[in-house]
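# Examination of the molecular architecture
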Amino acid sequence: MKIATFNINGVKARIETLLAWLDEAKPDVALLQEIKSVDEGFPRELFEERGYNVETHGQKGFNGVAILSRLPLEDVTRGLPGDDSDEQARWIEAIVVGDQAVRLCCLYLPNGNPTPGPKYDYKLAWMGRMKARVQDILAEEMPAVFAGDYNVIPQAEDAKRPDAWREDALFRPETRAAYRRLLHLGLTEAFRARTAGPGHYSFWDYQAGAWDRDDGIRIDHHLLTPQAADLMAGCWIERDVRAREKPSDHVPVWLELAI
């Protein structure tokens, strides 16, 4: 099973780019973030005619997450538990039913800037709520994947210019500590389990020629429960997608499970 997480940065603005990638790459499951569309406006027919089951949790003009799966989806839930007042569409999960069932959680973690301030408080609180949800899922003892745009630079080697990010919400010590608390529950960060060293990025800003200078950061991650980690056959970044016409500022990050 090949699973790709991809912050598309507007599904309608980049529909041709997204469809061309799907037709070429053919993921079994695509987890999308920043669809920037309400559920009713999501162009689901374009994906269904390509053989995908479609589940969305959308929001007008902002945020929004979606699961596209060639395999059946069950137990679909929308929204991260823990705050009934939170109206931001940042979390969707479902069980993918194949030869072995896998719970997939697609997430778009808050950016948190500017810091300090209410947006950063929301980011850290959201990460605390995610930790609680991860604990509940770990108790199920089934393969589960938490994938998406985390808006977290885990280590200095995950940025071309780490010093430029020291006070940014993506790299502040509190952010990285909250991320480590997720890992310390027993999750495996798939990419770093397979690839060490600097120079691996999943996001390049549109400004200041960041792509041309390879001035990137790695903020799109797959975190795996022990049962999913046992099935991991590979994890890689599809870097070249950033060089295509009308790209997202993110690129797909792939996870392959041996099922």
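Residues numbered from 1 in each chain as written. Predicted model: local features only at pLDDT ≥ 70, side-chain atom pairs only at ≥ 80, totals over all residues. Heavy atoms only, no water.

This brings us to empty space enclosed by the protein. Any space left empty among the atoms is revealed by the rolling of a water-sized probe across them. According to the stated counting rule, one finds one cavity of 30 Å³ or more in the structure shown. Approximately 30 Å³ is the volume attributed to the largest cavity. Within the residue set of the lining of the largest cavity, elements represented by two or more residues are β12 (220–224) and β13 (232–237). If you tally residues by element for the lining of the largest cavity, the top one is β12, at three residues. The residue makeup of the lining of the largest cavity, split by class, is four nonpolar, two polar and three charged. (1 Å grid on protein atoms, 1.4 Å probe; cavity = no way out; pocket = protein on both sides within 12 Å on 5 of 7 lines; lining within 4 Å. Points joined across faces, edges and corners; volume = space filled by probe spheres on them. Helix = DSSP H or I, 4+ residues; strand = E, 2+ residues; numbered from the N terminus. Nonpolar A, V, L, I, M, F, W, Y, C, P; charged D, E, K, R; others polar.)

Across the five residues of β12, five count as buried, placing the element largely inside the fold. Burial along β12 is two-sided: the residues D220, H222 and L224 and H221 and L223 are all buried. As judged from the two bridges shared by strand β9 (residues 188–189) and β12, these two strands associate in the antiparallel manner. Note on β12: the bridge partner recorded for E189 is L223. (Buried < 20%, exposed > 50% of the residue type's maximum accessible area, 1.4 Å probe, protein only. Pairing = 2+ DSSP bridges.)

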